[in-house]
Amino acid sequence: MEISNKIKEMCKNIDTPEGKLTDQYQFTLNAVDLKYYKTNIGEVDIKYGFVDGKNDGGIDYIYSDGSIMSLIQGKSSASLSLEDIKNIFRKMDETVGTFENGDYSKYSEKLKSIYINTYDELDENKNIELVLFTNTQITDETRKAIAEFAKKAPYDNYRIRMYDESDLDEMKAIIEQDSDLVQEDSIKIWKNTDNKNDALSYGDNGIIVNVLASSVKRLFDKYSKKGLFSYNLREHISQKSVDDAIDNTIKTDRKNFWYYNNGITIGCEDFDVDGNKVKLYGFSIINGAQTTTKIGKSKIIDEKNDFPLSCKIVRAERSVDEDGDFIGKISEASNSQKPIKQRDLKSNTKEQKLLQSKCANNGKYSLAVEIKRGVKPKNHKKVENWQRITNEQLGQLIYACLYQHPGSARSDKAKLFSSEKVYNSIFKSTYDYDTLYDLVRLGNMYDAFLKDYIDNEKDIDKIAIAKNGKLTCLATCIYLWKKQLNIVSDYTDSKLRINNLKGLLVTDYDGDDLEKSANDLFGFIVRFLFNQYTGKKDSLKVTSCSNFFKNDKVYEEVILKEIDSVDDYDREKLDKLMELFSKKKVI
């Protein structure tokens, strides 16, 4: 894998020791960047996640998406034996066990702080995966042996993942492609014993037809990275039990595949049955990514080793985009039994498309909002990088700041989409889109502040406060602004958690020191949060700063109550810092 100079420069910027700028160390960061950050890793991510070094417990990097903590080891060795790989996972398991027993004595302070805070950020399931990245080619035999190894205790408590050079190359190819619907192609119909096409129509806009696996494989070969899964809720996500069952049926029981498998569903702008094939126009698979992927990657299937599977084809009455709500409901219903994220189930709804459209068309204050994982909005290339955001991230900012729930927004992201009450309040409400623009801008300004803070701060606990406290810091800023506008009187006001802000927040600041003023305000609040945490963590019985920021009750009854009660000196200073919001240009 090619080592990125960009990542190496970021490491230099954060004073990474010279010894860790070698390709051996950088390999891990580059692999992590591809897999977890989709080539968007930042200096903050590196400084906070990269733990490789003395007393690292066999862990080079720690990453979390909030539901799974990934403990990552990178090996750029010329070769790795099966026993080498097992030992890598054994060492990481030993570290996990030691941490669970509360013994941190033999590990570095950086590993201890990052591990505990990341672990405490996880949801109640506390899922951990052990990950190996290597530029060695892992053979099928080794993969099978590790799969058996992973079934035995204690390794069955984890998800075990291995990625070699070919896997990393594929990740890179997927990221670089910018998918849209497949414009035109066809799929072959299986002929039954009477040599007749086996198709069942449902009105004018739907058919169920048995198609040939070899034809599905052909579509996968041509379009797997060019739009074949554009309208699927998510592309193929590995599920061992399902994948193994599909593989086994393909290998040993192809004649019964039709009975065992639910088949695939294709959404299209138009279709036409033409002899022994169905012509498809403007189409995508909207259910059956796993089935399609396993068929597509099979080395067994060809025209001599073929079999039928069921295929539902649905025509949108206008276009797939315009009829997205209808197509999306089909996709949601047919995918709802699979372990996909709640966010995915909402990706094609009208309110999500409206949010995306309103943000995109908000004049010079526009945002590019991604509403479906991996699919870039149309204005993606027309805006600055900081103006690109997912609906989940935007939802977090809205719920944390406008509705004053930073704890829930941070610790329970799934609730933004799974709770009907919360979802409707966030995504079915009317907003001033200038305000949303500036919420995103404030978030980006905080990220810049955090980068500088991490660069200059040596205390890993203070860094942890700044990193984990982002939403709380931003929510506190908005609370103070609501107070200045007399929307709320104090932290007990019933109007605290109402969407009641309009207009720009900071973009119309009348001064040439916007970034500095923001950094000064953020710095004040972070110091305040650190003091609150260190002074109250014992009485609150919180094990980490991560837990301190999880609770909305702590935010309201500790943080807001205390900031309402600061002494006159700090009050005067805070009022001066809040000119960031109140010092407006005359437009």
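That block above? That's the structure.
**Let's talk about the nonpolar core**
Part 1 of the reasoning: Residues Leu71, Phe89, Leu436, Phe522 and Phe581 are the most contacted members of the largest nonpolar core, which totals 117 residues.
Part 2 of the reasoning: It is helix α19 (residues 433-456) that provides the largest number of residues to this core, a total of twelve residues.
Part 3 of the reasoning: Excluding anything up to four places from it in sequence, Leu436 contacts Leu355, Cys359, Leu367, Leu394, Ile398, Leu402 and Tyr431.
Part 4 of the reasoning: Residues Tyr223, Ile266, Leu280 and Leu309 belong to the second largest nonpolar core, which totals 31 residues.

**Focus on the pairing of strand β3 (residues 127-134)**
Part 1 of the reasoning: Burial of β3 is extensive: seven of the eight residues sit out of reach of the surface.
Part 2 of the reasoning: In terms of strand pairing, β3 meets strand β4 (residues 159-163) through five bridges, oriented parallel. Across the sheet, the residue bridging to Phe133 is Tyr163, located in β4.
Part 3 of the reasoning: Crossover handedness for the path β3 to helix α6 (residues 140-149) to β4: right-handed.

**So, helix α21 (residues 470-484)**
Part 1 of the reasoning: If you check α21, its first and last C-alpha atoms are 21 Å apart, about what 15 residues at 1.5 Å a residue would give, namely 21 Å.
Part 2 of the reasoning: Of all the 15 residues making up α21, twelve are buried; the element is thus mostly covered by neighbouring parts of the structure.
Part 3 of the reasoning: One or two steps after α21, the chain reaches Asn486, where phi turns positive at roughly 60 degrees.

**A few points about a nonpolar patch on the surface**
Part 1 of the reasoning: A cluster of nonpolar side chains, Trp258, Tyr259 and Tyr260, forms an exposed patch at the surface whose accessible area comes to about 410 Å².
Part 2 of the reasoning: When you line up the elements, Trp258 lands in helix α10 (residues 257-260).
Part 3 of the reasoning: A relative accessible area of 36% places Trp258 in the partly exposed class.

**Let's talk about the packing of α21 against helix α22 (residues 514-540)**
Part 1 of the reasoning: It is the contact of α21 with α22, at a shortest axis distance of 10 Å, that shows an interaxial angle of 115 degrees. In terms of their interaxial angle, α21 and α22 are classed as roughly perpendicular. α22 is crossed by α21, and the crossing has right-handed handedness. For the pair α21 and α22, the contacting residues are Thr472, Cys473, Leu474, Thr476 and Cys477 in the first and Leu521, Phe522, Ile525 and Leu529 in the second.

**Points about the sheet that holds strand β1 (residues 61-64)**
Part 1 of the reasoning: Read across the open sheet, the four strands follow the order β1-β2-β3-β4; overall the sheet is mixed. Since the sheet does not close on itself, it has two edges, and those belong to β1 and β4, each with one partner. Taking the axes of each pair of neighbouring strands and ignoring which way they run, one obtains an average angle of 25 degrees across the sheet.
Part 2 of the reasoning: In terms of strand pairing, β1 meets strand β2 (residues 68-75) through four bridges, oriented antiparallel. Each bridged residue has a counterpart across the sheet, and for Ser64 the counterpart in β2 is Met69.
Part 3 of the reasoning: Seen against the sheet, helix α2 (residues 23-37) touches β1, β2, β3 and β4 and runs at an angle of roughly 125 degrees to β3.

**A short note on the packing of α22 against helix α25 (residues 568-577)**
Part 1 of the reasoning: For the pair α22 and α25, the least separation of the axes is 9 Å and the interaxial angle reads 145 degrees. Handedness of the crossing formed by α22 with α25: left-handed. Residues Asp520, Leu521, Phe524 and Arg527 of α22 touch α25, and the partners they reach there are Asp570, Lys573, Leu574 and Leu577.
Part 2 of the reasoning: Of the residues assigned to the contact of α22 with α25, the class counts are four nonpolar, no polar and four charged.

**A short note on the pattern of salt bridges**
Part 1 of the reasoning: Using the criterion set out here, one finds 25 salt bridges in the structure.
Part 2 of the reasoning: Lys222 is paired through a salt bridge with Asp185; the nearest N and O atoms lie 2.8 Å apart. Taken together, the positions of Lys222 in helix α8 (residues 213-223) and Asp185 in strand β5 (residues 182-188) put the pair 37 residues apart, joining distant regions of the chain.
Part 3 of the reasoning: You can call Lys222 partly exposed: its relative accessible area is 39%.
Part 4 of the reasoning: One salt bridge connects Asp274 with Lys279, and the closest N-O pair in it is separated by 3.3 Å.
Part 5 of the reasoning: We classify Asp274 as partly exposed; its relative accessible area is 32%.
Part 6 of the reasoning: Under the relative-accessibility criterion, Lys279 is labelled partly exposed at 28%.
Part 7 of the reasoning: Three or more residues joined by partner-sharing salt bridges are found here, namely Glu43, Lys451 and Asp455.

**What about the sheet that holds strand β6 (residues 199-202)?**
Part 1 of the reasoning: Here we have six strands laid out as an open sheet, ordered β5-β9-β8-β10-β7-β6, and mixed in their pairing. Every interior strand has two partners, whereas the edge strands, β5 and β6, have only one. Put simply, the sheet's adjacent strands are angled 45 degrees from each other on average, direction ignored.
Part 2 of the reasoning: Bridging between strand β7 (residues 206-212) and strand β10 (residues 308-315) involves seven bridges; their strand directions are antiparallel. Bridge assignment links Ile208 to a residue of β10, and that residue is Lys312.
Part 3 of the reasoning: On top of the sheet, α8 reaches β5, β7, β8 (264-274), β9 (277-287) and β10; it is set at about 160 degrees to β5, its chief contact.
Part 4 of the reasoning: Along the sheet, helix α11 (residues 289-297) contacts β8, β9 and β10; its crossing angle with β9, the most-contacted strand, is approximately 115 degrees.

**Looking at the state of the cysteines**
Part 1 of the reasoning: Applying the stated criterion across every chain, the model contains zero disulfides.
Part 2 of the reasoning: Take Cys401: it sits in no disulfide, and the sulfur closest to it among the cysteines is that of Cys477, at 8.1 Å.
Part 3 of the reasoning: The exposure class of Cys401 is buried, given its relative accessible area of 1%.
Part 4 of the reasoning: The cysteine Cys545 is free of any disulfide, with Cys473 supplying the nearest cysteine sulfur at 14 Å.
Part 5 of the reasoning: For Cys545, a relative accessible area of 3% corresponds to the buried category.

**Here's the deal with the packing of aromatic side chains**
Part 1 of the reasoning: Under the counting rule described, the total for this entry stands at 26 aromatic pairs.
Part 2 of the reasoning: For the ring pair Phe220 and Phe229, a centre distance of 6.5 Å and an interplane angle of 65 degrees mean the geometry is edge-to-face.
Part 3 of the reasoning: Relative accessible area serves as the criterion here: at 11%, Phe220 is assigned to the buried category.
Part 4 of the reasoning: Given the relative accessible area of 5%, Phe229 is considered buried.
Part 5 of the reasoning: It is Arg315 that lies over the ring of Phe271; its NZ or CZ is 4.2 Å from the centre.

Thresholds applied
- Residues numbered from 1 in each chain as written.
- Predicted model: local features only at pLDDT ≥ 70, side-chain atom pairs only at ≥ 80, totals over all residues.
- Heavy atoms only, no water.
- Core = buried A, V, L, I, M, F, W, Y, C linked by side-chain atoms within 4.5 Å.
- Buried < 20%, exposed > 50% of the residue type's maximum accessible area, 1.4 Å probe, protein only.
- Helix = DSSP H or I, 4+ residues; strand = E, 2+ residues; numbered from the N terminus.
- Contact = heavy atoms within 4.5 Å.
- Pairing = 2+ DSSP bridges.
- Right-handed = clockwise from strand over helix to strand, strands pointing away.
- Expected span 1.5 Å × (residues − 1).
- Patch = residues over 30% accessible without salt bridge, like charges linked within 9 Å, V, L, I, M, F, W, Y side chains within 5 Å.
- Areas by Shrake-Rupley, 256 points an atom, 1.4 Å probe, with all protein chains shown as cover.
- Salt bridge = Lys/Arg side-chain N within 4 Å of Asp/Glu carboxyl O.
- Axes fitted to C-alpha atoms, helices over the stretch in contact; angles between N-to-C directions.
- Parallel < 35°, antiparallel > 145°, perpendicular 65-115°, else oblique.
- Left-handed = near helix turned anticlockwise from the far one by under 90°.
- Nonpolar A, V, L, I, M, F, W, Y, C, P; charged D, E, K, R; others polar.
- Disulfide = S-S within 2.5 Å.
- Phe/Tyr/Trp six-rings, centres within 6.5 Å; stacked < 30°, edge-to-face > 60°.
- Lys NZ or Arg CZ within 6 Å of the ring centre and 35° of its normal.

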